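# Notes for the structure review
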Number of protein chains: 2
Amino acid sequence: MSTYKGFEPKWFQGEIPENSYRSVFKWGGATREIKAPKERMLQDVLRRFGMDESIFHEYQQDLGLDEVKFDIPITLEDRHIEAIKKIVGDEFVRSDDYARFSVAYGKTMYDIMRAREKIVENVPDIVVYPGSRKQIEAIVAYVSEHKIPLYVYGGGSSVTRGVECVKGGISLDMRLRFNRVVKFNEADQLITVEAGMSGPKLEEILQGAQSVFGARRAYTLGHFPQSFEHSSVGGWVVTHGSGQNSTYYGCIQDMVLGQAYATPRGVIETDQHPRKATGPDLDQVMMGSEGTFGVLTHVTLKFSRHMPETVKRFSYMFKDWKTGIAFAREVMQSEAGKPSVFRLSDPEETSIMLNMYGVMDSPLKHLFKLKSFKEDEMCLFLGFTNGEAGFSKNVAKNVAKAAQRFGALSMTGYVCKGWEHGRFSDPYLRDTLQDFGVLMDTMECCVNWSSMAKVHAAVREVVKARPGTICMTHMSHVYPQGGNLYWIFIIVENDAEAFRKFHASILDAIQRSGASMSHHHGIGKMFGPWLEGQLGRNEYAVIRALKDHFDPDNIMNPGGTLGLDTPEAEKRFLK
Amino acid sequence: MSTYKGFEPKWFQGEIPENSYRSVFKWGGATREIKAPKERMLQDVLRRFGMDESIFHEYQQDLGLDEVKFDIPITLEDRHIEAIKKIVGDEFVRSDDYARFSVAYGKTMYDIMRAREKIVENVPDIVVYPGSRKQIEAIVAYVSEHKIPLYVYGGGSSVTRGVECVKGGISLDMRLRFNRVVKFNEADQLITVEAGMSGPKLEEILQGAQSVFGARRAYTLGHFPQSFEHSSVGGWVVTHGSGQNSTYYGCIQDMVLGQAYATPRGVIETDQHPRKATGPDLDQVMMGSEGTFGVLTHVTLKFSRHMPETVKRFSYMFKDWKTGIAFAREVMQSEAGKPSVFRLSDPEETSIMLNMYGVMDSPLKHLFKLKSFKEDEMCLFLGFTNGEAGFSKNVAKNVAKAAQRFGALSMTGYVCKGWEHGRFSDPYLRDTLQDFGVLMDTMECCVNWSSMAKVHAAVREVVKARPGTICMTHMSHVYPQGGNLYWIFIIVENDAEAFRKFHASILDAIQRSGASMSHHHGIGKMFGPWLEGQLGRNEYAVIRALKDHFDPDNIMNPGGTLGLDTPEAEKRFLK
């Protein structure tokens, strides 16, 4: 923060009281760690907003330092609470305001705005901290018998209101006790863990496999979502998550090889054979069910060799978005092996990144001019490789060849390092900026190459129609058939409802454009009204049939998840 | 055939009458093309059986040259037949014996034995040759209304009794008219075809894309099952098929990106976004349903660049099975890129291949001795690569490195060429040998590395318990977590029922060993009784719930497919 030479806002750096709202909504948990934008970035944002420093003179939003307190009665009968206590032990059932609120919201901006405004809703009656698969199975059997709504809280990084306890009842907080390794199988490169295992802990265990398990090598899962620090294995699996290195390692769907669920219809446990032609793939039937079929308890994941020494980093600048897309398609279709991180920024994001990383103050600026690259047209690509040394080298070589073919300018490794440095910590910026009413949030969808430019333009048009909106887009998670478009938008807004409407207008635009409603964030309750409209009525009826099979009483994550009990009038059919 | 120096059996080479049983069951369709074993192979087989030439003095089985004739009344009411004729046109509905029989059986040995014995059962009342998706949708709507059983016949290569019309009714023969390209999308590398499209025709179209569609390049699907000549796209998809190059190109599950089905509950059509987090993956829910949910009409497939010039071929000999497995695991886990064909033979198969390809008469024989490799222990590996030149080269280099590490002897490209030459034509041998009562059939299952040796031994023990049985095993379709074990067994047997019992005992052994019941042949009606036992009761109930949703009247491929209407008493629970 000491890098500021001019005006520096008073970033909130105070103590965060233990039982405060901020301790819940803050990225990074109840620690004091914060991240503030660099002066360059702040000035750039102001310039784009057409605003001056004055917006940063005073906090515009409640800092959320008050103690969590609300008056929502517990309607779950005592006898049920006692029964649950018998299953897990008295000390692992809580009903105080803080515990109830701490599992109510995820991390989408709408959640955080409500938390700042002390709008508390959709809290569970009790929070339960299960310690074993058997306990969870017993709880599911009990709530099934008594028709009590059941929710699950994993890492808390949902950006779709996935965890919200709309119908009250019980929330299982998996973080505390349900986070162990069940089995490590080096020969098959498979690890089985409890669903509450956190992303960072699992990665630490795999990278340390030699000392933890006496393994012959170090391993990695290769799954690094931006929400890494707040993510859990169970959350990844039930929402179809993807990490930033997914172009090489695959999305979570590609990593799962075995799951166990406790459902109202009993335990479902899939086998761990690498492939099978034994009817519809049950792993795929269960993944993406977002807690509506049952509670995910155990997950078996494929892991890979940890070989940081083979990583190649590169970045290139392309003349414009169209050329960048053509390059991306060539790389993904060339069959030279896939890069790991693969990120192509559109002109607006490129411009912001160049300012943020100080590139526009470097000699590279002159090179852009020489090449006739314009700041409002050029597109930045950055990527990493993974894999065995020769493989990794060949991928990087092929990327370089394609970049040259499409007239790109090779950038320094500087840009990659800048991005890598912030890859998990950028979300911290949200809290710091939001204190002054500046919101950052994200949306994403998946598109084929042939509709990439069209979808980008259509969604951007809707976002930019709001005055003073920064809309950064990048393509990441890429395939031979297309990729994910990811939007980061920055606006000035202090009203939660107004924000929700803006958010909905973007979802409308995504559906209208014909893209998928989500590539890896899932659907949750926030996107639920759009799902049937995207999939089609007969297609959606398949998901409903599965729901009716597993959970005929609608007690598993009820209240809008996947749109399963969303009133017809609220559903969006815009295609 | 003129290569024989000693005794040569009189391989059947006569005219095959147009309406004969043989014209139906013969591999390669109603052509005269045959394939006879080389003298070396024949002598080797006899030696292993402990038999002499006399078995080949006379035909032991009916040659199947009689006209197909049977007396199974048509029970479908005339009004229904008229209604169907109205949908497709009079000339595209047939009810003669030949047409009915021609879609009744697939290509498993039990089918062929019944055909030779003129055991005709499970024929449809009428055969319909649909010409469009709309016609199929109209037929499905009609049979749903009137509860008429509906079957589908694609390429006819089923080895699981998948196509058999156990409940009579209607069989849709897709070959004649429902085999066109619907859409070719070069930018997204996607092609949409009608489900009756044959494997070889699709590959021809893709490789000829430049002249067929004016494309910029030639492409390939990379899907080459041994049944290639008899296979259809629809069959691949509904049974979860795999081709011999699947280790690089993936199984059909990895290639499908969009399907349309006509089901009793209406049309199901999935989107073509490369990835999505929009609830359970509907493509995966529908694939593997083997016609029990509805009729697959359109399939959209990802294709790849056709680059035959980059292919590398290699083969190595390993000391023993255990060493070969360890090598295979190393190659698949090393992340240097995956080979395309990947085939490791066990000692018995190795020994037969060496004799078949004449290796034991070559100087290589002495090298084996030098290395102390024993003929009843050593294991042959052969592989190909695909992909961009540098990628392909790196894969081959890495395979060579691993082979060296595991003490392998590099063999000449001779072995690969021999295998490649016979890769689609080996099934022709079955007919030629079977005329003399010598049966060849196959089984397969999928296993993890850690249980590979155990499953191999357990299944082999059961097969070899039958006196005079040749049991060749190879590992193919390989993954970082394990692979497919594929058994080819050769026995002398002339009774269909006796054969069926032997076949069932192998399925029992597979289930007992804990492997998957199938890696890529599917389940059909023949393996149906084992499916619930493998998946587990709750898990199997998920497939049944989907069945009840799509087809509550059980008219889609009824009579044992996936075990969905198999009587409880016939089911096998051996795990």
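Everything that follows concerns the structure shown earlier in this document.
What you see is a predicted model, and the numbers here were worked out from it, not measured in a lab.

Residues and elements named next belong to chain A. In total, this model carries 77 salt bridges over all chains according to the counting rule given. The salt bridge partner of K118 is D62, with a shortest N-O separation of 3.9 Å. With K118 in the loop between α5 (109–116) and β2 (126–128) and D62 in the loop between α2 (39–49) and α3 (78–88), this pair connects stretches of sequence that are 56 residues apart. Judged by its relative accessible area of 35%, K118 is partly exposed. On the basis of relative accessibility, which here comes to 35%, the residue D62 falls in the partly exposed class. Each member of the salt-bridge network shares a partner with another, and the members are D111, R114, E121, R161 and E164.

So, about the pairing of strand β4 (residues 170–173) of chain A. Residues and elements named next belong to chain A. Burial of β4 is two-sided: the residues I170 and L172 facing one way and the residues S171 and D173 facing the other way are all buried. Of the strand pairs in this sheet, β2 and β4 are connected by three bridges, and their pairing is parallel. Directly across from V128, in β4, lies its bridge partner L172.

Moving on, we come to a negative patch on the surface. On the surface, a cluster of negative charge is contributed by D78(B), E82(B), D90(B) and E91(B). As for its position among the elements, D90(B) is in the loop between α3 (78–88) and β1 (93–94).

The next thing to look at is the pairing of strand β9 (residues 266–269) of chain A. Residue and element names in this part refer to chain A. Note: strand β8 (residues 256–263) against β9, four bridges, orientation antiparallel. Paired with T263 across the two strands is G266, which belongs to β9. The hairpin formed by β8 and β9 contains two residues between the paired strands.

Moving on to the sheet that holds strand β3 (residues 150–153) of chain A. Residues and elements named next belong to chain A. Spatially, four strands are ordered β1-β2-β4-β3 in an open sheet, and the strand pairing comes out mixed. Since the sheet does not close on itself, it has two edges, and those belong to β1 (93–94) and β3, each with one partner. In this sheet, β4 lies alongside β3 in parallel orientation, the contact comprising four bridges. In the sheet register, V152 faces β4, and the bridge partner there is L172.

Moving on, we come to the packing of helix α21 (residues 528–535) of chain B against helix α22 (residues 537–550) of chain B. Residue and element names in this part refer to chain B. Following both chains from N to C, one finds α21 and α22 inclined at 125°, their axes separated by 6 Å at the closest point. In terms of orientation, α21 lies oblique with respect to α22. Across the interface between the two elements, L531, E532 and L535 from α21 touch R537, E539, Y540, I543 and R544 from α22. For the contact of α21 with α22, the class distribution of residues is four nonpolar, no polar and four charged.

Each α-helix turn comprises 3.6 residues. Residues three or four places apart therefore point the same way. Residue and element names in this part refer to chain A. Listed in full, the buried residues belonging to α3 are H80, I81, A83, I84 and V88. The buried residues of α3 occupy an angular sector of 160° when the element is viewed end-on, so they sit on one face. Every exposed residue of α3 that faces more than 90 degrees away from the buried side is listed here: D78 and K86. Against β1, β2, α6 (133–146) and β4 lie the buried residues of α3.

Moving on, we get to α2(A). Residue and element names in this part refer to chain A. For α2, the set of buried residues is E39, M41, L42, D44, V45, L46 and F49. Contact partners of the buried residues in α2: α14 (347–356), α18 (428–434), β16 (438–448), β17 (470–479) and β18 (482–492). G50 sits one or two positions beyond α2 and adopts a positive phi of about 70°.

To continue, consider the relation of the copies chain B and chain A. Between the two copies, chain B and chain A, the superposition gives an RMSD of 0.0 Å; the rotation angle is 180° and the shift along the axis is 0.0 Å. Taken together, the rotation and translation describe the operation of a two-fold axis. Same-surface contact between copies: 100% of interface residues of chain B are shared with the interface of chain A.

The next point concerns the environment of G106(B). Residues and elements named next belong to chain B. Among the secondary structure elements, G106 is positioned in the loop between α4 (97–102) and α5 (109–116). Among the residues examined, G106 registers a relative accessible area of 6% and is labelled buried. Apart from residues lying up to four places away in sequence, G106 is in contact with D111, G156, S158 and V163.

It is worth spelling out the interface of chain B and chain A at this point. The partner chain A presents 91 residues to the 91 residues of chain B that form the contact. Three residues, R275(B), E335(B) and Q481(B), lead the burial of chain B against chain A; their summed loss comes to 12% of the area buried on that side. Seen at the junction of chain B and chain A, the total is four salt bridges. In this structure, E330(A) engages R305(B) in a salt bridge whose closest nitrogen and oxygen atoms are separated by 2.7 Å. Where chain B packs against chain A, one counts 44 residue pairs in polar contact (both at pLDDT 80 or more). Counting residues per element, the side of chain B that touches chain A draws most heavily on α22(B), which supplies nine residues.

What counts, and where the lines are drawn
Residues numbered from 1 in each chain as written. Chains lettered and ligands numbered in written order. Predicted model: local features only at pLDDT ≥ 70, side-chain atom pairs only at ≥ 80, totals over all residues. Heavy atoms only, no water. Salt bridge = Lys/Arg side-chain N within 4 Å of Asp/Glu carboxyl O. Helix = DSSP H or I, 4+ residues; strand = E, 2+ residues; numbered from the N terminus. Buried < 20%, exposed > 50% of the residue type's maximum accessible area, 1.4 Å probe, protein only. Pairing = 2+ DSSP bridges. Patch = residues over 30% accessible without salt bridge, like charges linked within 9 Å, V, L, I, M, F, W, Y side chains within 5 Å. Areas by Shrake-Rupley, 256 points an atom, 1.4 Å probe, with all protein chains shown as cover. Lys, Arg positive; Asp, Glu negative; His and termini not counted. Charge placed at Lys NZ, Arg CZ, Asp CG, Glu CD. Axes fitted to C-alpha atoms, helices over the stretch in contact; angles between N-to-C directions. Parallel < 35°, antiparallel > 145°, perpendicular 65-115°, else oblique. Contact = heavy atoms within 4.5 Å. Nonpolar A, V, L, I, M, F, W, Y, C, P; charged D, E, K, R; others polar. Arc of directions from axis to C-beta. Least-squares fit on C-alpha atoms with pLDDT ≥ 70 in both. Buried area = accessible area lost by both parts, 1.4 Å probe. Polar contact = N/O pair within 3.5 Å; in protein donor to acceptor, adjacent residues only side chain to side chain.

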